Amino acid sequence: PNWNIHGDDPAALLESFWSNSPTPPRPDDILIAGLMGNHFSNLDQWDMFTKNLIQKVVNHFPGRVALISASPQHFARTGAYDSALKKECGPIDFDVSKLALVEMRSVIWNYNVHKYLMHKQTAVIDVFRVLSPLWMCHRIAGDCTHWNDALYTWLSSMTLEGLLRIS
């Protein structure tokens, strides 16, 4: 798929950055990746990005890794910005017969993590289900993507705890 006007795969850009860096990552370095996906409305691109991120970046990283699952958005109805009739936050209407875009991003992330992750020093932190009901915990009304600071503090604590478990 065409990722942008240059056709660059975002995961390949990360891989290239580290392979061409004058100071490549070392075993005592930490990679934290996650809470991504909100800007992917094309599920095929999201699938390819997550596979490439895991296979080309995470699996080859020499240090510890914290992989944080996809973050939900809370635009009323489907949760997705591009399908919201009004830009207001609200509970996501999950219809089991037709999964919402935000739910599908989470499913793809989890599937690819479990299928492709071979990195032994990785903490997988699944926050999607925990964050899904917290539609009222965003910074300002109408911003249904960015969490308030207290939630970022909590997410940081979860990430640090995950990294401690693999030290």
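Structure: above.
Residues numbered from 1 in each chain as written. Predicted model: local features only at pLDDT ≥ 70, side-chain atom pairs only at ≥ 80, totals over all residues. Heavy atoms only, no water.

K.L.:
In this structure, what is going on with the packing of aromatic side chains? I would like to understand it.
P.N.:
Each aromatic ring pair is specified by the distance between its two centres and by the angle formed by the two planes. In this structure the tally under the stated criterion is 2 aromatic pairs. Here W46 and W109 contribute two aromatic rings whose centre-to-centre distance is 6.0 Å and whose plane-to-plane angle is 20 degrees, an arrangement assigned as stacked. Here W109 lies in helix α3 (residues 101–116) and W46 lies in helix α2 (residues 43–57), a separation of 63 residues in the sequence. Comparing W46 with W109 shows no difference in burial state: the two are buried. An aromatic cluster of at least three residues, connected via ring pairs, comprises W46, F49 and W109. (Phe/Tyr/Trp six-rings, centres within 6.5 Å; stacked < 30°, edge-to-face > 60°. Helix = DSSP H or I, 4+ residues; strand = E, 2+ residues; numbered from the N terminus. Buried < 20%, exposed > 50% of the residue type's maximum accessible area, 1.4 Å probe, protein only.)

K.L.:
Teacher, can you tell me more about the packing of α2 against α3 here?
P.N.:
The packing of two helices is summarised by the inter-axis angle and the distance between the axes. Here α2 crosses α3 at 30 degrees, and the two axes come no closer than 9 Å. As far as their axial angle goes, α3 and α2 are roughly parallel. By crossing handedness, the relation of α2 to α3 is classed as right-handed. Here L43, W46, D47, T50, K51, L53, I54 and Q55 of α2 lie close against α3, whose contacting residues are L101, M104, R105, I108, W109, N112, V113 and Y116. Here the contact of α2 with α3 is composed, by residue class, of 10 nonpolar, 3 polar and 3 charged. (Axes fitted to C-alpha atoms, helices over the stretch in contact; angles between N-to-C directions. Parallel < 35°, antiparallel > 145°, perpendicular 65-115°, else oblique. Left-handed = near helix turned anticlockwise from the far one by under 90°. Contact = heavy atoms within 4.5 Å. Nonpolar A, V, L, I, M, F, W, Y, C, P; charged D, E, K, R; others polar.)

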